[in-house]
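A look at the structure
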Amino acid sequence: MSQQPFKIDVSARIGRLPPYLFGRINKMKYEKRVAGIDIIDLGMGNPTDPTPACVVEKLQEAALDPRNHRYSVSNGIAGLRKEVAIKYKRKYGVELDPETEVIATIGSKEGFSHLCLALLGPGDTAVVGDPAFPIHVYAVAMAGANVIRVPLGNDQAFLDRIERTIEGLYPTPKLLILNYPHNPTAMTIEPQFWDRAIGLCRKYGVMIISDFAYGEICFDGYKAPSFLAANGAKELGVEFTTMSKSYNMAGWRCGFCAGNAETVKALATIKGYYDYGMFAPIQIASVIAMRECGQTPEEQAKYYQERRDEVCHGLDKLGWTYERPRASMFVWARIKDEHLKGGGTIDFCLRMMDEAEVALAPGRAFGEHGEGYVRIALVENEQRLRQAMRNLERALNPRKPKRQHAIV
């Protein structure tokens, strides 16, 4: 008697997740590299620059101490939370209680996802701009809540669209997720935007999460405003920051959530069930990064600015349109119609990996309003970026061979 194959019945939570549109691109990138092809990867915002030497040395020293080999605490060691509060005070003029208003997370992505579990459930709704960083949508869906996407902006018209959305829904959305400097578009705001957003959310009883992961990567004298520096911010929301970008510590997975004490407590409760915190030497080394490497974020931003200029120069030659970013580690560019050839951005990016050996992030993977665009990560050095732009130029604007004149 033959047995029926056993079926693994995954949760409805998995079924709620939208398709992972980076899957085909990541598969091709892997296959190309296995075949020995040098793909210039500008698709992922994964820093290639080294972590400051003193931070690495502190990690080595702390790792040799057996006292640091035990379980840590899920909300982060006291010294690390204190250092975050000091930095917020010094850089943004924000007073934070490190005991109740700061929590360390295993990168901002983990913290954001677990906070959605703490705040949202079936029947709840979160409002997110479109396009959006995927986890801003996925984390809400994994929490069982609904996502309402509003065409992205950074002005009063965007806030008006949000208000019309809120007015038309019952029950009222519970959460507004904002992200400036924005990923993927690099869109920025001025301080008054936060004042207006807070006024809007207080009017309707909506909480705010600010994703400030790129807040220290600013160009041309621009200074990104922290949500927590706005009046009343701590009454209704929190902000996420990370060591990943400005200190080149992406793989270390060290981030923070700061702001409203009740919200921080809710995240701490969830994390208390899920994890025992980061490896203590990573936390100790992160203290040293903030304490002794105060100039590193500014210095790193200069590298990204130089890379931005290199990419923009290449985009000008391609004839693509873009807004020169004032912050973040990305350039968001509109593909020329004749290059897109009537297709979608996912197929375009697959074609560029094949024909130009360059990996780009398709705009469609960030939402409906990202179609027609690509996100270019400024993670390689200027020489590699120059090569990538030359490769794209060669693939998209091939030179016609010169006509040979017959010899009479």
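Everything numeric in this text was worked out from a predicted model, so none of it was measured.

1. Structural notes on the side chain of N68
Structurally, N68 can be placed in the loop between helix 3 (53–63) and helix 4 (78–92). In this structure the side chain of N68 is engaged in a polar contact, spanning 2.9 Å, whose partner is the backbone oxygen of A62. What N68 contacts, discounting residues up to four positions off in sequence, is A62, F279, A280, P281 and I284.

2. A short note on the state of the cysteines
In the structure shown here, the tally under the stated rule is 0 disulfides. No disulfide involves C116; its sulfur sits 11 Å from the nearest other cysteine sulfur, which is in C257.

3. A few points about the environment of L228
Its place among the elements puts L228 in the loop between strand 6 (207–211) and helix 9 (233–236). Overall, L228 belongs to the buried group, its relative accessible area being 6%. Taking the C-alpha atoms as reference points, L228 and G93, 135 residues apart in sequence, are found 9.2 Å from one another. Excluding its chain neighbours within four sequence positions, the residues that come into contact with L228 are Y88, V94, L96, A233, K234, G237, E239, A258 and G259.

4. Digging into the side chain of R81
Along the polypeptide, R81 turns up in helix 4. Accessibility expressed as a relative area gives 6% for R81, which makes it buried. Other than its neighbours up to four places away in sequence, R81 contacts N75, G76, P98, E99, V102 and I103.

Conventions used here
Residues numbered from 1 in each chain as written. Predicted model: local features only at pLDDT ≥ 70, side-chain atom pairs only at ≥ 80, totals over all residues. Heavy atoms only, no water. Helix = DSSP H or I, 4+ residues; strand = E, 2+ residues; numbered from the N terminus. Polar contact = N/O pair within 3.5 Å; in protein donor to acceptor, adjacent residues only side chain to side chain. Contact = heavy atoms within 4.5 Å. Disulfide = S-S within 2.5 Å. Buried < 20%, exposed > 50% of the residue type's maximum accessible area, 1.4 Å probe, protein only.

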